[in-house]
Each structure stands twice: as structure tokens, then as C-alpha cells.
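The residues making up each chain are set out below.
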Amino acid sequence: GESVGLHLPTLSVQEGDNSIINCAYSNSASDYFIWYKQESGKGPQFIIDIRSNMDKRQGQRVTVLLNKTVKHLSLQIAATQPGDSAVYFCAENPPGSGYSTLTFGKGTMLLVSP
Amino acid sequence: NAGVTQTPKFRVLKTGQSMTLLCAQDMNHEYMYWYRQDPGMGLRLIHYSVGEGTTAKGEVPDGYNVSRLKKQNFLLGLESAAPSQTSVYFCASSYLGGTSGLKQYFGPGTRLTVT
């Protein structure tokens, strides 16, 4: 799993800080977006999703913001914990895929220091 | 409920050898997917299936074949392995199409090295 992190953008934060991970998506017609967390040596794990008719959606300690004007998605993690250290991927449902596939971004590594 | 399982977890092949990766899910999901993950590349879709007996090509299908003979299983085959196929392979499944079904559940991955 350690090779997943090579050459990735990295965000380093202190425990207790709020983290913001950004993602630019490619297609203005995409209407569904999703965030995954991948810990070292494991498969991606669902965090939160949002449809294009929403600007914001909140989960437990996480918030996703969608700005369709500039094709930007962000994941906010409140009170970041060492267990949040992982690679985070955004994904979009590309138009024409018939709601069957996701296109993933390259990921951002989040490092949380105690 | 085991979720999505993958067999094997690790494998080393010589160039030209063949192998099959097995994915199984016990969630009665209709859709299943195979991805590869390379450093700095994110997840790239190889092939997917929207139901038993169906398969479709993804972004990087060349050099791979798949079969979905049973709803719960999705097999990924490499007929003649090449060093470029060294990667971590992930299987995923989702309930059904539509935005409510796009949440994919991933297996733990198979690390394949081709020498």
C-alpha cells in the first residue's frame, strides 16, 4: 500500500485541526460525486457522496462542498485525528456512463501529526 | 457478511504466464468492477459488469479479459502477463445503477508483480 502515495499531493496537519482536501473535476455535466478514503494496504472506503443539485452535504465529522461554477469539490474533515491519515480520492460519474461507472482522481495524501 | 473478497492477495508471475484473479461478493450486488492502481495514477477501470453474463470495457482493458458467469463472482484474466501489468488490482461491487447505486464497495486488493 505504501506505493500508492508516491508522487501524490500531500496535506500535513496537526491533530485537532480541520482539514480541507480539494479536487477539480473534469466534466461540467457530471451529476454525482463521491469521496473515498484509502488506508495503507487496504481497499478504498466510502466516505460521503453528493449530487449536483446540492452545494453541500454533511456527514459525521465530514462535509463535502460542490462548486459547479468552477468544477471544484472539497472534503472538509473536522477535528482531524491520526486515524484520518490516508489517501483521499474524489470520483465523478461521467456523463454517458448510464450511472454505472466512476472516474477517479489521482488522490491526495493526508498526514496527521499527533 | 464478508463483503468483497479477492483471491489471491499476492502473486508473482513471469512474463508470458497467465493467471486469473477471483472476486466474490456476498451482498447480492448487480454491478461489479475491476480496477488497477499504480503509484500516482489513482484507480483506473479495466472492465466492469452490470449483471450476470454481461461485461463491458473500461478505461484500460487491453491485455485483460473478464467473465461473470455467476452474479456473485467476477473473474479477471491475464492471458500473457507483461511487466506493465505489475500493479495492485481492486475489485468492487455496487447495488444497482442510478445515483443511489454508485457507491462502490471495494475488496482488499491483489498485489501482482510481473518479472
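Structure first, text after, so check above.
Rules used throughout
Residues numbered from 1 in each chain as written. Chains lettered and ligands numbered in written order. Predicted model: local features only at pLDDT ≥ 70, side-chain atom pairs only at ≥ 80, totals over all residues. Heavy atoms only, no water. Disulfide = S-S within 2.5 Å. Helix = DSSP H or I, 4+ residues; strand = E, 2+ residues; numbered from the N terminus. Buried < 20%, exposed > 50% of the residue type's maximum accessible area, 1.4 Å probe, protein only. Salt bridge = Lys/Arg side-chain N within 4 Å of Asp/Glu carboxyl O.

1. Thoughts on the state of the cysteines
Simply put, disulfide is the name for a covalent bond between the sulfur atoms of two cysteines.
Then comes step 1: On inspection of all chains with the given rule, the structure shows two disulfides over all chains.
Then comes step 2: Note on cysteine connectivity: Cys 23 of chain A is disulfide-linked to Cys 90 of chain A, with sulfurs 1.7 Å apart. In this structure the cystine formed by Cys 23 of chain A and Cys 90 of chain A twists about its S-S bond by roughly 45°; its chirality is therefore right-handed. One end of the pair, Cys 23 of chain A, is in strand S2 (residues 19–24); the other, Cys 90 of chain A, is in strand S8 (residues 86–92), with 67 residues separating them in the sequence. We note that Cys 23 of chain A, like Cys 90 of chain A, is buried.
Then comes step 3: Across the disulfide from Cys 23 of chain B sits Cys 91 of chain B; the S-S distance is 1.9 Å. As the torsion about the S-S bond is roughly -75°, the Cys 23 of chain B-Cys 91 of chain B disulfide counts as left-handed. With Cys 23 of chain B in strand S3 (residues 19–25) and Cys 91 of chain B in strand S9 (residues 87–94), this pair connects stretches of sequence that are 68 residues apart.
Then comes step 4: In this structure Cys 23 of chain B comes out as buried when scored by relative accessible area, which is 0%.

2. Points about the pattern of salt bridges
Then comes step 1: Per the counting criterion, the structure on display carries six salt bridges over all chains.
Then comes step 2: The closest approach of N and O atoms between Lys 68 of chain A and Asp 55 of chain A, which form a salt bridge, is 3.2 Å. Remark: Asp 55 of chain A occurs in the loop between strand S4 (45–51) and strand S5 (56–58) and Lys 68 of chain A occurs in the loop between strand S6 (62–67) and strand S7 (72–77); sequence separation between them is 13 residues.
Then comes step 3: Connected through salt bridges with shared partners, the residues Arg 36, Asp 38 and Arg 44 of chain B form a single ionic network.

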